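The chain contents come next:
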Amino acid sequence: MQKLDQVYEGKAKKVFRTDDPELFIVDYKDDATALDGLKKGTIAGKGAINNQMTNRLMARMERAGIPTHFVRELSPRETLVKRVEIVPLEVIVRNISAGHFASRYGVEEGIVFDQPTIEFSYKNDDLHDPLLNSYHAIALKLATPAEIELIKRYAFAVNDVLKAFWAACGVTLVDFKLEFGKTADGTIVLADEISPDTCRLWDSETHEKLDKDRFRRDMGGVEDAYTEIMKRLLDHDAE
Ligand code: TMP
Ligand code: ASP
C-alpha cells in the first residue's frame, strides 16, 4: 500500500491518499489541543497509543456488528481506513455528568444518569462546533432522518460495548465523542478515533482521570495517564 499525498491535516491526525482511491492512511500525531484550539501542546507517545487503542476498539465494534472505517494497522502510528465523507456531526454520549454537561446545566461532575444521553454538535471550527438537535441537523442537510436514526442506534451500541469493556479493565466510561462517515456506496460507518482524547475514562475505584482532561485542566501526569489506560486495555485484551 503506497502512501501518496496528504489530503487533510487535523488537530491530532493527518490523512493521506493511497494508490487505492477507496482507501486512506491515517497518521496519528502527538499534538494536542483543547479549548477550541486555543490551548496547544504535545503529549509524548499519544499518537501511537491513540492509533493502537482506536484500532483494537474499532475491531471490537466490528465484532459487535457496528460497521467501521477500520481496515488494517500499518505501523504504530498509521492505519489503513476506508475513504469516507465525514458526517459533520460530533456525536456525544454521556453516562455520567462531566465537562460541558456539568457547566452548561450547572450541575456537579459525577452524577450517574439512569440512562445515557446523546447530543450533537455541528462540526464547524469557524462556528465553534455549536450544539444542535436532530431537526437542525436535518434542516442543514448534514444527514437524512434515516441516517440520524442509524447514527443514534450505533452510538448507543458503541456505548454498551465500550462501557462493558472498560468496566472489565477497572475503568468507568463517563462520556465520549464519535464521528461517523459515509463510504462511496452511502453506507454509514463509525470513523475517526476512540481514545483518551475523545473519551472521559476514570479509574473505577479512585475516580482518577485517565484521559485528556489531565491536559485540558493542567493536572499534570498526562503521559502517565495515557500509558496507564493503554496498559489496562492491553492487559485485558491479552486475557
Ligand atoms: P464535553 O463535556 O466537553 O462536551 O466533552 C464530551 C466528550 O467529548 C468528552 O469525552 C471529550 C469529547 N470531546 C472531543 O472528543 N472533542 C471535542 O472537541 C470536545 C468538545 C469533546
Ligand atoms: N480538541 C478540541 C479542541 O482543540 C477540544 C477538546 O478535545 O477539548 O478544541
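In this numbering scheme, every chain counts its residues from 1 along its sequence in written order. The lettering of chains begins at A and the numbering of ligands begins at 1, in the order of writing. The model is predicted, so local features are restricted to residues of pLDDT at least 70 and side-chain atom pairs to those at 80 or more, both for listing and for counting; the totals for chains, interfaces and linings are taken over all residues. Calculation of side-chain values draws on the structure's entire complement of heavy atoms; hydrogens and water are dropped beforehand.

(A) Representation of the site of ligand 2 within the structure. Nearness is defined per residue: one heavy atom within 4 Å of the molecule or strand is enough. Lining the immediate surroundings of ligand 2 are Lys11, Thr33, Ala34, Asp36, Gly37, Lys212 and Arg216. Polar contact is the term for a pair of N or O atoms within 3.5 Å; when the atoms are in protein, one must be able to donate a hydrogen and the other to accept it, and sequence-neighboring residues count only if both atoms are side-chain atoms. Interatomic distance of 2.4 Å between a side-chain N/O atom of Thr33 and an oxygen atom of ligand 2. Arg216 places a polar side-chain atom, nitrogen or oxygen, 2.6 Å from an oxygen atom of ligand 2. If ligand 2 stood free it would expose 270 Å²; the protein chains cover 72% of that surface. Its residues placed into classes, the shell around ligand 2 shows one nonpolar, two polar and four charged. Per-residue and other accessible areas follow the Shrake-Rupley method at a 1.4 Å probe size, with only the shown protein chains counted as cover for residues. Lys, Arg, Asp and Glu make up the charged group, whereas Ala, Val, Leu, Ile, Met, Phe, Trp, Tyr, Cys and Pro make up the nonpolar group; the residues left over, Gly among them, are polar.

(B) The arrangement of the pairing of strand β9 (residues 89-96) in detail. Type-normalised accessible area, obtained with a 1.4 Å probe on protein chains alone, sets the label of each residue: buried when under 20%, exposed when over 50%, and partly exposed for intermediate values. Put simply, DSSP marks the helices as runs of H or I at least four residues long and the strands as runs of E at least two long, and each gets a number from the N terminus on. Taken across its eight residues, β9 has eight buried, putting it largely inside the fold. Relative to strand β10 (residues 112-122), β9 runs antiparallel, the two being bridged by seven bridges. From the neighbouring strand, Ile92 faces β10, where its bridge partner is Glu119. Two strands pair if DSSP finds at least two bridges between them. Bridge analysis of β9 against strand β12 (residues 171-182) gives four bridges, and the strand direction is antiparallel. Each residue of the ladder has a partner; that of Val93, found in β12, is Phe176.

(C) Spatial organisation of the site of ligand 1. As a structural note, the neighbourhood of ligand 1 is formed by 14 residues, with Arg94, His100, Asp175, Lys177 and Arg200 the closest of them. Here an oxygen atom of ligand 1 sits 2.8 Å away from a polar atom, N or O, in the side chain of Arg94. In this structure, Arg200 approaches ligand 1 through a side-chain N or O atom, which is 2.9 Å from an oxygen atom. Isolated, ligand 1 exposes 450 Å² of accessible area, and the fraction of that covered by the protein chains is 81%. Those elements giving two or more residues to the shell around ligand 1 turn out to be β9, α2 (99-105), β12 and β14 (199-203). Of the residues contributing to the shell around ligand 1, the split by class is four nonpolar, three polar and seven charged.

(D) Here's a closer look at the confidence of the model for the protein chain. Values of pLDDT, the confidence the predictor places in each residue, fall between 0 and 100. A residue-level look at the protein chain finds 100% of positions with pLDDT of 70 or above and a mean pLDDT of 97. Least confident of the elements in the protein chain is helix α6 (residues 222-238), whose mean pLDDT is 95; most confident is β9, at 99.

(E) Summary view of the pattern of salt bridges. In the sections that follow, a salt bridge refers to a side-chain nitrogen of Lys or Arg positioned within 4 Å of a carboxyl oxygen of Asp or Glu. Applying the stated rule across the entire model yields 31 salt bridges. Between Asp31 and Lys29 there is a salt bridge; the shortest N-O distance is 3.7 Å. The exposure class of Lys29 is buried, given its relative accessible area of 13%. When the shortest N-O distance is used, the salt bridge between Asp237 and Arg60 registers 2.7 Å. Here the residue Asp237 occupies a position in helix α6, and Arg60 occupies one in helix α1 (residues 46-63), the gap between them amounting to 177 residues.

(F) Main features of empty space enclosed by the protein. Of the grid points, spaced at 1 Å and generated over the protein atoms alone, those admitting a 1.4 Å probe that cannot get out make up cavities, while open sets with protein on both sides within 12 Å along at least five of seven lines make up pockets; any residue with an atom within 4 Å of a point is treated as lining. Grid points are joined across faces, edges and corners, and a volume is the space filled by probe spheres set on the points. This structure, assessed with the given rule, holds one cavity of 30 Å³ or more. Size it by volume and the largest cavity reaches roughly 40 Å³. When residues of the lining of the largest cavity are traced back to their parent elements, those giving at least two are β3 (23-28), α1 and β7 (78-82). Of the residues that constitute the lining of the largest cavity, the class distribution is four nonpolar, four polar and one charged.

(G) Region of interest: the side chain of Ser97. Relative to the elements of secondary structure, Ser97 occurs in the loop between β9 and α2. Overall, the relative accessible area of 0% leaves Ser97 in the buried class. Only heavy atoms matter for contacts: two residues are in contact if any of them lie within 4.5 Å across the pair. Residue contacts for Ser97: discarding those within four places in its chain leaves Val107, Glu108, Glu109, Gly110, Ile111, Phe113 and Trp202.

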